[in-house]
Amino acid sequence: DCGMAVANSIMAVKNGCGLVQGTINGIGERTGNADLCSILPTLAFHVDSKITCSENLSDLTSLSRFVDETMNRKPDSSAPYVGASAFAHKGGLHVAAMERSPMSYQHIEPNLVGNGEEGSHQ
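Residues numbered from 1 in each chain as written. Predicted model: local features only at pLDDT ≥ 70, side-chain atom pairs only at ≥ 80, totals over all residues. Heavy atoms only, no water.

1. Digging into the overall build of the protein chain
As a reminder, the rule being used: To qualify as a helix, a DSSP run of H or I must reach at least 4 residues; to qualify as a strand, a run of E must reach at least 2; elements of each kind are numbered from the N terminus. Here the radius of gyration uses the C-alpha set of atoms, whereas the globule reference equals 2.2 Å times the residue count to the power 0.38. For every residue, the accessible area obtained with a 1.4 Å probe (protein chains only) is divided by the maximum for its type, and the residue is called buried under 20%, exposed over 50%, and partly exposed between those limits. Two residues form a contact once any of their heavy atoms are found within 4.5 Å. Areas reported as accessible are Shrake-Rupley estimates using a 1.4 Å probe. Residue values count occlusion only from the protein chains shown.
Across its full length, the protein chain holds four helices and zero strands. Counted from the first residue to the last, the protein chain has its helices and strands arranged as α-α-α-α. Over its C-alpha atoms the protein chain spans a radius of gyration of 15 Å, differing by no more than 12% from the 14 Å that the globule rule assigns to 122 residues. If you line up the protein chain on its principal axes, its C-alpha atoms span 40 × 35 × 30 Å. Classification of the 122 residues of the protein chain by burial places 31% in the buried group. At a minimum sequence separation of 6, the contacts of the protein chain that also span at least 24 residues come to 54%. Looking at the protein chain as shown, the accessible area adds up to about 7,600 Å², and 52% of this sits on carbon and sulfur atoms.

2. A word on the packing of helix α1 (residues 5-14) against helix α2 (residues 36-46)
Applicable threshold: Lines are fitted to the C-alpha atoms to define the axes, a helix being fitted only along its stretch in contact, and any angle between axes, read from their N-to-C directions, falls within 0 to 180 degrees. Left-handed describes a crossing in which the near helix is turned anticlockwise from the far one by less than a right angle; the clockwise case is right-handed. Residues are grouped as follows: Ala, Val, Leu, Ile, Met, Phe, Trp, Tyr, Cys and Pro are nonpolar; Asp, Glu, Lys and Arg are charged; all remaining types, including Gly, are polar.
Viewed as axis vectors pointing N to C, α1 and α2 meet at an angle of 35°, and their least axial separation amounts to 9 Å. Taken as a pair, α1 and α2 cross one another with a handedness that is right-handed. On the side of α1, the interface is formed by V6, S9, I10 and V13, while α2 contributes S38, I39, T42 and L43. Partitioning the contact of α1 with α2 into residue classes produces five nonpolar, three polar and no charged.

3. Concerning the confidence of the model for the protein chain
Using the following cut-off: pLDDT measures the predictor's confidence residue by residue and takes values from 0 up to 100.
Per-residue pLDDT for the protein chain averages 89, and the proportion of residues at 70 or more is 94%. Of all secondary-structure elements in the protein chain, the lowest mean pLDDT belongs to helix α4 (residues 92-100), at 79, while helix α3 (residues 60-70) reaches the highest, 97.

4. Things to note about the pattern of salt bridges
Condition: Between Lys or Arg on one side and Asp or Glu on the other, a salt bridge is scored when a side-chain nitrogen of the former is within 4 Å of a carboxyl oxygen of the latter.
Tallying each qualifying case throughout the model produces one salt bridge. D68 serves as the salt-bridge partner of R73, at 2.8 Å between the closest nitrogen and oxygen.

5. A look at α3
For an α-helix, 3.6 residues make a turn, and residues three or four places apart therefore share a direction. The condition is simple: In this description, the arc belongs to the directions extending from the helix axis to the C-beta atoms.
For α3, every residue scored as buried is listed here: L60, T61, S64, V67 and D68. For α3, the angular spread of buried residues about the axis comes to 130°, placing them on one side. Counted as exposed and oriented over 90 degrees from the buried face of α3: F66, E69 and T70. Here the buried face of α3 lies against α2. Two residues or fewer after α3 comes N72, characterised by a positive phi angle close to 60°.

6. Things to note about the environment of A44
Examined against the element boundaries, A44 turns out to sit in helix α2. Considered as a pair, A44 and L57 are 13 residues apart in the sequence and their alpha carbons are 8.8 Å apart. Aside from chain neighbours lying at most four places away, what touches A44 is S49, I51, S54 and L57.

Set out below in structure tokens:
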């Protein structure tokens, strides 16, 4: 309820928790639902965890958008990993640096979660 569900879930796994419950896009009957669209890729790519769905994470963005579309919700463009702006780049030096060394400004390759790079590289 305080926006801590994802962080709490990640810390729980780091400290030995073997099961995390959540929902796609954090959608549920109340606030405070852990967003699996943030938890799963974080566990797969940034935490030494043994999640069993890593090979399916390239479908995560399409799953997130399917759930939003089914619920007639506008997708959160700023959502981590799956948002349309999650890997967007625009603006002078930032774009120039991205063109030279993409991983300097991205923590993962967007295709790992099925999200294309949005934004300009002008």
